[in-house]
Amino acid sequence: MFRLPATLSLLALSTALVAQTPKPTPAPKAKPAPAAPKPTPAELNARLAAPLPADQAAMKAHVLFLASDAMKGREAGSPEYDIAAQYVAAQFYAAGLRPAGEAGGYLQQVPLVTYKAAGEGSMVWTGQGGKGQKNGDKAGKPAPLAFGKDYVPAANPARAETAVSAPVVFVGDGIVAPQYGHDSYKGVDARGRIVAYFRGAPARFAGEERAFFGSLATKLAIAAKHGAIGAIELAAPTTTPEAMTRMATGYDRGRMQWANADGTAGTDTPGTPLLGTLGPAGAAQLFAGAPVTWAAVTAEAAKPAPTYRSVALPGTLTVATRTAFTPARSSNVVGIVPGADPAVGKEVVVLSAHLDHIGVNASGDGDRINNGALDNAIGIASLIEEAKRFTASGKPPRRTVMFLAVTAEEKGLVGADYFAHHPTVPRANIVADVNLDMPMLLYRFEDMIVFGADRSTLGPIVARAAAAAGTTMSPDANPEQGFFVRSDHFRFVQQGIPSVFLWPGQKGAGKAAVEGFLSTCYHRPCDDLSLPIMWDQGVRFVDVNYRIAREIADGAQRPVWNKGDYFGTTFKGPMAK
């Protein structure tokens, strides 16, 4: 499960905006509650080697390998990830899947690149009119902003050298959402200008849409649509100088993305880069002499539901940054059960799960390997066992069923995004994605949470499958987390493809188990095989997934978005009439 970036986001939110924005999955800075004592090696080996029924043992065996210390956390681009990918390819072959990667094999090569800011860059504000700028300077005199105090630069995924000089328009939270009557660009012209905005989205937005609109990618896409040539994020007005200094210490932290042929990183907004973050001191300089003062903006940001007035700021911002690129490679693993129906056999139902995890911690005492047993070795094990059910059923599906293990999910859904942009089958043939990510099989689940089920005709299919397996459907228990936009299926949603993401629900013992895992072992070394994983629940989880995929594959109609659904409409997917 991809963790929302926290280093910049927490600093870039006002107190009011924090309440409006999907929080990262709980990982408190305070020392977590003590976990159960680690078993001794003998105790752990006895537990791992305990006999199980064949179906449970088969699932456990995959996790024993993929979450072993030898895999060193399966970080995308590492040799250990490549070994894990070969393991999955071999399991796909053993399950009877046909290869659907490149060159007749199971692997789809994914070119990767890590990009990061190369140097502190520069920002210079030249005011026009008003009371002047920094230190009493007269209007019109260039005023260099100070790195780490006034600004922190951002890396540009599309260019090694970035030079932008343009007027700046303040656009509030930078969101245009007609369904909510919200338009931050109303009354201003952003064409050829730099837009400046706060992070976050209004609390009145539905959880999934709030997460979508609050994301950097969405705000840059909106800015690009309005003709902006760059964007600046405004840190919360309450951000302290010490907080800006801390932000600056990580300014050159690398980010990974799939690579273009020229070695730059793939982005949907190459002409509208994020240029950096302005702290309160830097923002105050831009607002000097503006129709709306920085003091007024600060006061508005402190309100529970701020409504900003968008205005052009009186001056020009000149930004120069450099970005360094380091190439890497990884792979997705792709296998299929070919469809047997002559009419719909070429249509493809995708079952996806991410194979990567976050590798080894750079420092710390004790165990530093993030094994990723639940996140997401057990999802991959489910995928493999589901493939075996299809091929062992003796009944070929009407539609083709694709089993897709993707790389670099933990880097920002990168492998899924690469596949969505470079599918190994015609994109128009893909009719649905069902995603398996981090099922927390630590309790006997009584219900299923299916993110996105209420948005398309996949909903009734999932409900029937859950009922047949003896479970019920429950709504999202944590809508503020925005889980719908945080896992690989969302890259298919962005291509207009109806998609869902499955989790065991939180009825009964589920709530305490889920909260306990998220607060103590999520993205930590203790997500390993010492956890009390209930393998019989893994078999139940596979059963539900198989029933869902089988019904989609054999259904009379391909899935479509519910009439008027926001994501179906936004991404131009097939819509119910």
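Residues numbered from 1 in each chain as written. Predicted model: local features only at pLDDT ≥ 70, side-chain atom pairs only at ≥ 80, totals over all residues. Heavy atoms only, no water.

What to know about the overall build of the protein
For clarity, the threshold we go by: By the criteria applied, helices consist of DSSP H or I runs no shorter than four residues and strands consist of E runs no shorter than two, each listed in order from the N terminus. When we talk radius of gyration, it's over C-alpha atoms, and the globule rule is simply 2.2 Å times the number of residues to the 0.38. Three exposure classes are used, based on accessible area relative to the maximum for each residue type with a 1.4 Å probe and protein chains only: buried under 20%, partly exposed in between, and exposed over 50%. Should any heavy atoms of two residues lie within 4.5 Å, those residues are considered in contact. Neither His nor the chain ends contribute to the count of charged residues, in which Lys and Arg are positive and Asp and Glu negative. Every charge is mapped onto a representative atom, which is NZ of Lys, CZ of Arg, CG of Asp or CD of Glu.
The helix and strand inventory of the protein stands at 16 helices and 19 strands. In terms of C-alpha radius of gyration, the protein reaches 25 Å, essentially the compact-globule figure of 25 Å for 577 residues. Taken over the C-alpha atoms alone, the protein extends approximately 80 × 60 × 45 Å along its principal axes. Counting only residues that meet the buried cut, the protein has 57% of its 577 residues in that class. The contacts of the protein with a sequence gap of at least 6 include a subset with a gap of at least 24, amounting to 82%. Taking the average location of the 56 positive side-chain charges in the protein and that of its 49 negative ones, the two points are 5 Å from each other.

Remarks on the environment of K577
For K577, the location among the structural elements is in the segment after α16 (566–570). Sequence separation between K577 and N562 is 15 residues; the distance between their C-alpha atoms is 8.2 Å.

Considering the state of the cysteines
Rules: By convention in this document, the label disulfide applies to cysteine sulfur atom pairs within 2.5 Å.
Within this structure, the stated rule accounts for one disulfide. Covalently, C521 is tied to C526 through a disulfide, its sulfur atoms 2.1 Å apart. Because the torsion about its S-S bond is -120 degrees, the bridge between C521 and C526 counts as left-handed. Given the relative accessible area of 5%, C521 is considered buried.

Digging into the nonpolar core
Grouped burial of nonpolar side chains is what soluble globular proteins tend to show. In plain terms, the rule: Residues enter a nonpolar core if they are buried and are Ala, Val, Leu, Ile, Met, Phe, Trp, Tyr or Cys, with the set joined through side-chain atoms within 4.5 Å.
Among the nonpolar cores identified, the biggest contains 108 residues, and F403 and F517 are the most heavily contacted of them. With ten residues, helix α10 (residues 373–392) is the largest single contributor of residues to this core. Apart from the residues within four sequence positions on either side, F517 is in contact with L374, M438, M440, L442, Y522, D527 and L531. A166, F287, W294 and V311 belong to the second-largest nonpolar core, a separate cluster that totals 28 residues.

Some details on the pattern of salt bridges
Put simply, the rule reads: Note on definitions: salt bridges are taken to be side-chain nitrogens of Lys or Arg within 4 Å of carboxyl oxygens of Asp or Glu.
Tallied over the entire structure, the rule returns 18 salt bridges. With a closest N to O distance of 3.0 Å, K388 and E385 form a salt bridge. In this pair, K388 and E385 are both assigned in helix α10, three residues apart and thus about one turn of the helix distant. Through salt bridges with shared partners, one network takes in E208, E209, R455 and D565.

Section: the pairing of strand β3 (residues 122–127)
In plain terms, the rule: The criterion for strand pairing is that DSSP finds at least two bridges linking the strands in question.
Burial along β3 is one-sided: the residues M123, W125 and G127 are buried and none of S122, V124 and T126 is. Bridge count between β3 and strand β13 (residues 311–337): six bridges; the pairing is antiparallel. Its bridge partner lying in β13, S122 is registered against A320. With three bridges connecting them, β3 and strand β4 (residues 142–144) associate as antiparallel partners. Looking across to β4, one finds that T126 is bridged to P142.

Here's the deal with the pairing of strand β19 (residues 499–504)
Each regular strand displays side chains that alternate between the two surfaces of the sheet. Burial runs high along β19: six of the six residues are buried. Neither face of β19 is left uncovered, since the one carrying S499, F501 and W503 and the one carrying V500, L502 and P504 both have all their residues buried. Pairing between strand β16 (residues 430–436) and β19: four bridges, direction parallel. Residue pairing across strands places V434 opposite V500, the latter belonging to β19. Sheet topology note: the strand β17 (residues 447–451)/β19 ladder contains four bridges and is antiparallel. Residue pairing for β19: I449 is matched across the bridge by W503.

Quick notes on the packing of helix α5 (residues 207–214) against helix α6 (residues 216–225)
Threshold: Helix axes use the C-alpha atoms of the stretch in contact, all axes being lines fitted to C-alpha atoms, and the angles between their N-to-C directions lie in the range 0 to 180 degrees. The residue classification treats Ala, Val, Leu, Ile, Met, Phe, Trp, Tyr, Cys and Pro as nonpolar and Asp, Glu, Lys and Arg as charged. All others, Gly included, are polar.
Running from N to C, α5 and α6 cross one another at 65 degrees; their axes reach a closest spacing of 5 Å. Seen from α5, the contacting residues are F212, F213 and G214; seen from α6, they are L216, T218, K219 and I222. Grouping the amino acids of the contact of α5 with α6 by side-chain chemistry returns four nonpolar, two polar and one charged.

As for the confidence of the model for the protein
Any residue range with low pLDDT should be treated as having predicted coordinates unsuitable for detailed reading. For clarity, the cut-off: A score between 0 and 100, pLDDT records how confident the predictor is in each residue.
Averaged over all residues, the pLDDT of the protein is 91; the fraction at 70 or higher stands at 92%. Low pLDDT, under 50, characterises residues 130–138; the predicted model gives this stretch 16 contacts beyond four residues in sequence or across chains.

A few points about helix α14 (residues 510–520)
All of the buried residues in α14 are G510, A513, V514, F517, L518 and T520. Elements that come into contact with the buried residues of α14 comprise α10.

Looking at the packing of aromatic side chains
The relation between two aromatic rings is expressed through the spacing of the ring centres and the mutual angle of the planes. Formally: Geometry of aromatic contacts follows a simple scheme: Phe, Tyr and Trp rings, the Trp one being its six-membered ring, pair when their centres are within 6.5 Å, and the pair is stacked under 30 degrees between planes, edge-to-face over 60, tilted otherwise. Should the NZ of a Lys or the CZ of an Arg lie within 6 Å of a ring centre and within 35 degrees of the ring normal, that charge is described as sitting over the ring.
Here the structure, examined in full by the defined rule, presents 32 aromatic pairs. Through a chain of ring-to-ring contacts, the aromatic side chains of Y180, F205, F212, F213, F484, F490, Y566, F567 and F571 assemble into a single cluster. Positioned over the ring face of F445 is R540, at 4.2 Å from the centre of the ring.

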